[in-house]
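Reading the structure
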Amino acid sequence: MKWRLRTKMFVFILATTLLIYILAIGYISISFKNRATNDAMLVADSYAHEAANFVKARLNEHFGIARALAQSFQGYKKIPPEQRREIYSDMIRNVLIENPEFIAVFEQWEISAIDPAYKKPYGRIRSTFYREGKKIIQKIDTLDLEGDNLVGIYYRVKSTHREYITKPYYYSYELDQALPRDVPISEDAILEATIIIPILKDGKFVGMTGMDVPLENFQDIVEEIKPLKGTYTFLVANNGHFVAHPDKKLINQSIARLNPDENVKFKFETKIRNGKKFSFLTRRTKFGKKAYVSFAPLSIGRTNSPWSVGIVVPMNLIMQEANQTFFISITVGLIGLIILTIILWFISHNITLPLKDTTILLKNLARGNIQESNRLVIRSRDEIGEMTRSANILLNGLNRTTNFARQIGEGNLNADYALLGEQDELGNALIEMRNRLKQSTEEITKQRDDLKELNAAKDRFFSIIAHDLKNPFSVLLSVTEVLIESYKDLSNEEKNLSIRRINKSANQLFNLLENLLQWSMSQTGGIKYVPEKMDIGIAVASNVSLLKMNAESKNVKLTSEIKEETYVYADVDMIRTVIRNLLSNAIKFNKTGGNIEVISKKKNGFLEVSVIDSGIGLNKEDLGKLFRIDVKNKSIGTSREKGTGLGLILSKEYIEKNGGEIWVNSELGKGSRFSFTLPLS
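1. Re the sheet that holds strand E17 (residues 606-613)
The strands making up a sheet associate through backbone hydrogen bonding, with each pair oriented either parallel or antiparallel. The mixed open sheet is built from five strands, whose spatial order is E14-E16-E17-E21-E20. Whereas interior strands pair on both sides, the edge strands pair on one side only; in this sheet they are strand E14 (557-560) and strand E20 (662-666). The sheet shows a mean angle of 20° between the axes of neighbouring strands, direction not considered. Both E14 and strand E16 (residues 595-603) contribute to a ladder of four bridges, which runs parallel. When the bridges of E16 are listed, Ser-560 appears paired with Val-598. Contacts from helix H14 (residues 536-553) reach E14, E16, E17 and strand E21 (672-679), with the element oriented near 175° to E14. Here helix H17 (residues 646-657) sits on the sheet in contact with E20 and E21, set at roughly 25° to E21.

Structure, rendered in structure tokens:
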């Protein structure tokens, strides 16, 4: 049977469309379902990470308090023994009063550290303040007089000098319990953990301090962390025991003992102990059905005993949105197929009559034969007639577009083109191409001019560098010639003066060549940009220590108010170079007996660091020459030190490379303030 063209169009198009539609909808729906599931798991992982950071912050607050106590105790030798116990007891009692979340605070001292007459390497005195109801009781006892307990916590801290947090244990203060227990020995026993900070004097262990933290404090925190409805969170200590859990019967129970099969399969007890993040699917939850469990580690203080936070999300909660979207997509797909069937039937019924002429026109256009294509005769005013009219408009438009494209090809970038309408994409594309060609021509011209200017600036810069290299070499040559010709006739003082001049010139050459090498490497990509979380306080302190002798030679006081653990996100080597250059300049241009101070403040997501000196300052003309490669910077220090300004140019490039800014505020005779910003980590 011979099918009519209308029937062929309808059957073949509809069948092909139906097959493609089913495959596409199925693939997209299943892919979206899997993606939604994976995204939900990633969200659960992020919630676990946020919860871990929250608990970590609380624990680190406790460690900060204990660390402050330990640091304050380091100056114990400056306090007379008869006053020391009273002062330190008041300090510990006040810490316990001001921190109701602690149940006890203690200090322990090596007897040999506080009693010069005691010569044994063991033996300690312990002073503990603990709560008993609303009262605060002090207990003082002496321990280890026969030798250190080599398996005890005290000896572990004493031998390693590391901060420590114990595993969860039960302790009863009312019964004066001797040792921690894994199970309570009375109803008033408290599940707690002990934070311990060693007290070091000149690198030597002299005692320790810390506090007992009841772990029930973390129960409220865990119960508040419910990022999604129907989920729950728990906290696990380094030994794999629950610290906090919605089911309080599980507290201080071993997670491995409660889930032996999962522990063998996923080895989560080992991963918790090693501070690894991991996740898995299981049915052994309080929901009794399949759930996703995500563990996020949290480091505690400066210990090597990480804990972990776990979050449990039922899989039906994860799949709920994905399933709903899947069913919606299927429904929309079916509706779309029905609509498509109706449209195809209507089109196939009305398109056959003018199809022959339209086909001839399209064949000519397909061969690129636009000029010889004939206009179509409009036989109706319905949709087919509109199609024929549009084909004629298309033919006219293609003729005009061809002419426009030909003019562009001939280099007439000012040729005009009238669009067929707002949606004339081909015309818009040609106009955009013409505009981009014009813009590219202008940019090429500008880049050519900029390149000429840059080459001229670099030529001037290298002439400056050559001049600054020549001066130290001239000094070296003249001094060495004098030493060679008149060495025996020179006095020791003259010889020493010559050696110092040689050393000074060599240092100038070294500093200049070092900055020049780093600058040239930055220009050629030889220095890799590796940003990371860095402690700006440590970077400043190391440079202050490095340049301290230079400052002392000019009787300049060099200080930094930036504390350690002030973190930014930047390349460590680049920022250290910037700090060294700014401090070196501050020393170079400071007055004898002057001051240099490094300060910082946080502002709009950035850390602003300033190097402030009381030196000779700069006038407006010299300020305009800073950070520029194309001008000669005739800077001379207060001790006749010469500089090229290359260090500031390099510093500017490094700071901008790290996403910050650098600037200077200065007034002649009143010192200078060099400041830069870096993004906070």
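2. Description of helix H15 (residues 572-588)
Over its 17 residues, H15 runs 24 Å from end to end, which matches the ideal 24 Å to within 8%, given 1.5 Å per residue. Most of H15 sits out of view: 14 of its 17 residues are buried. Two or three places before Asp-573, at the opening of H15, Asp-571 has a side-chain oxygen 3.1 Å from that residue's backbone nitrogen.

3. What to know about the pattern of salt bridges
For the structure shown, the criterion picks out ten salt bridges. Put simply, Arg-67 and Glu-163 hold a salt bridge, and the shortest N to O gap is 2.7 Å. Taken together, the residues Arg-67 in helix H1 (residues 5-73) and Glu-163 in the loop between helix H4 (153-160) and strand E4 (164-165) connect sequence positions 96 residues apart. You'll find Arg-67 and Glu-163 in the same group, each marked buried. Notably, a salt bridge pairs Glu-667 with Lys-670, separated by 3.5 Å at the nearest N-O pair. With relative accessibility at 46%, the residue Glu-667 sits in the partly exposed group. Look at Lys-670 and you get exposed, because its relative accessible area is 61%.

4. A few points about the nonpolar core
By size, the foremost hydrophobic cluster in this structure holds 54 residues, and its most contacted members are Phe-218, Leu-235, Leu-298 and Trp-307. Element by element, the count of residues in this core is highest for H1, at twelve residues. Contacts of Phe-218, omitting those with residues within four sequence positions, involve Val-55, Arg-58, Leu-59, Val-213, Leu-235 and Ala-244. Listed in part, the 38 residues of the second largest apolar core include Leu-547, Ile-587, Leu-626 and Val-664.

5. Points about the sheet that holds strand E10 (residues 278-282)
With antiparallel pairing, the five strands of this open sheet are ordered in space as E9-E8-E12-E11-E10. Of all strands in the sheet, those with a lone pairing partner are strand E9 (242-244) and E10, marking the two edges. Geometrically, the sheet is characterised by an average inter-axis angle of 30° between neighbouring strands, direction not taken into account. Sheet contacts for helix H5 (residues 217-224): strand E8 (232-236) and E9; angle to E8, the most-contacted strand, approximately 145°.

What counts and how
Residues numbered from 1 in each chain as written. Predicted model: local features only at pLDDT ≥ 70, side-chain atom pairs only at ≥ 80, totals over all residues. Heavy atoms only, no water. Pairing = 2+ DSSP bridges. Helix = DSSP H or I, 4+ residues; strand = E, 2+ residues; numbered from the N terminus. Axes fitted to C-alpha atoms, helices over the stretch in contact; angles between N-to-C directions. Contact = heavy atoms within 4.5 Å. Expected span 1.5 Å × (residues − 1). Buried < 20%, exposed > 50% of the residue type's maximum accessible area, 1.4 Å probe, protein only. Polar contact = N/O pair within 3.5 Å; in protein donor to acceptor, adjacent residues only side chain to side chain. Salt bridge = Lys/Arg side-chain N within 4 Å of Asp/Glu carboxyl O. Core = buried A, V, L, I, M, F, W, Y, C linked by side-chain atoms within 4.5 Å.

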